[in-house]
Amino acid sequence: MRIEIMAWAQAEPQAAPIRFAAFVEEQQAAGFELDELDKDCVHAMAYDDAGKAIGTARMHPDGQLGRMAVVKDWRRRGVGAALLEGLINEARKRGLAEVRLLAPVQALEFYRAQGFVADGKIQPVGGGLQQPMKKPLGG
C-alpha cells in the first residue's frame, strides 16, 4: 500500500466514488460526500499494490482532517492509519501545531490509538454523535 498527497483536481476522480460508496450507499448520508471545501484541501489517497485507489481523506489548510473513507474490503487493514499518517506528515511540513477532527463515536478507539485526544464534548452531527479530537504535533 502507498499513500499519495495531492490536490482535489487530481484526487476527485478516485476519491469521489470511494466517498459515495462509504457515505451515501452505506451510511445514507447524501450530501456529505462532496462539498465546496474540497478544492481548498489537500487530499491523501491510498493505493493497493496494483495501483487501485482504496481510501481517501482530506485536510483543510487549518489542520482540520475529515472525509476519511476506505473501500469496504480494505477496512481494518491499516489503510485509515496510513491515511492519517500521510496527512499528519503533511501538516508537519506545513508547520501546523496540531491537527483536529470530529470522530464518530464508534471510531473513538481508532483515533485514540493514533494519538488523538478529546477536545470538547460529544455532539450530534449529521445524524450521528461525534467527538471533537486533536493531536498536537510538537517539535
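Structure: above.
Residues numbered from 1 in each chain as written. Predicted model: local features only at pLDDT ≥ 70, side-chain atom pairs only at ≥ 80, totals over all residues. Heavy atoms only, no water.

1. Remarks on a nonpolar patch on the surface
Phase 1 of the analysis: Taken together, the side chains of Val 105, Ile 122 and Leu 129 present a nonpolar region at the surface, about 230 Å² in accessible area.
Phase 2 of the analysis: In this fold, Leu 129 is placed in strand 8 (residues 128-136). (Patch = residues over 30% accessible without salt bridge, like charges linked within 9 Å, V, L, I, M, F, W, Y side chains within 5 Å. Areas by Shrake-Rupley, 256 points an atom, 1.4 Å probe, with all protein chains shown as cover. Salt bridge = Lys/Arg side-chain N within 4 Å of Asp/Glu carboxyl O. Helix = DSSP H or I, 4+ residues; strand = E, 2+ residues; numbered from the N terminus.)

2. Here's the deal with the nonpolar core
Phase 1 of the analysis: Within the largest apolar cluster, 23 residues are counted, with the highest numbers of intra-cluster contacts made by Leu 65, Val 99, Leu 101, Tyr 111 and Phe 116.
Phase 2 of the analysis: If you list the elements that add at least two residues to this core, you get strand 2 (42-47), strand 3 (53-59), strand 4 (65-70), helix 2 (79-93), strand 5 (98-104) and helix 3 (108-113).
Phase 3 of the analysis: Ignoring sequence-local partners within four residues, the contact set of Phe 116 consists of Leu 65, Leu 84, Ile 88, Val 99, Leu 101, Tyr 111, Met 133, Lys 134 and Lys 135.
Phase 4 of the analysis: Ala 22, Met 45, Ala 53 and Ala 69 belong to the second-largest nonpolar core, a separate cluster that totals 10 residues. (Core = buried A, V, L, I, M, F, W, Y, C linked by side-chain atoms within 4.5 Å. Buried < 20%, exposed > 50% of the residue type's maximum accessible area, 1.4 Å probe, protein only. Contact = heavy atoms within 4.5 Å.)

3. Quick word on the side chain of Arg 58
Phase 1 of the analysis: Mapped onto the fold, Arg 58 is located in strand 3.
Phase 2 of the analysis: At a separation of 2.7 Å, a polar atom in the side chain of Arg 58 contacts the side chain of Asp 38. (Polar contact = N/O pair within 3.5 Å; in protein donor to acceptor, adjacent residues only side chain to side chain.)

4. What about the pairing of strand 3?
Phase 1 of the analysis: Among the 7 residues that make up strand 3, 7 are buried, leaving the element largely enclosed by the rest of the structure.
Phase 2 of the analysis: The turn joining strand 2 and strand 3, which pair antiparallel and follow one another in sequence, is formed by 5 residues; a positive phi near 90° is taken by Gly 51.
Phase 3 of the analysis: Sheet analysis places strand 3 next to strand 4, joined by 4 bridges and oriented antiparallel. Paired with Arg 58 across the two strands is Gly 66, which belongs to strand 4.
Phase 4 of the analysis: Counting the residues between successive antiparallel strands, the hairpin from strand 3 to strand 4 contains 5 residues, one of them, Gly 63, with a positive phi of roughly 95°. (Pairing = 2+ DSSP bridges.)

5. Describing the pattern of salt bridges
Phase 1 of the analysis: Enumeration over the complete set of coordinates arrives at 7 salt bridges.
Phase 2 of the analysis: Here Glu 109 ties to Arg 112 by a salt bridge, and the two come within 2.4 Å at their closest N and O atoms. In this pair, Glu 109 and Arg 112 both sit in helix 3, 3 residues apart, roughly one turn of the helix.
Phase 3 of the analysis: Overall, Arg 112 belongs to the partly exposed group, its relative accessible area being 43%.
Phase 4 of the analysis: Taken together, the shared-partner salt bridges in this structure form one network comprising Arg 19, Asp 38 and Arg 58.

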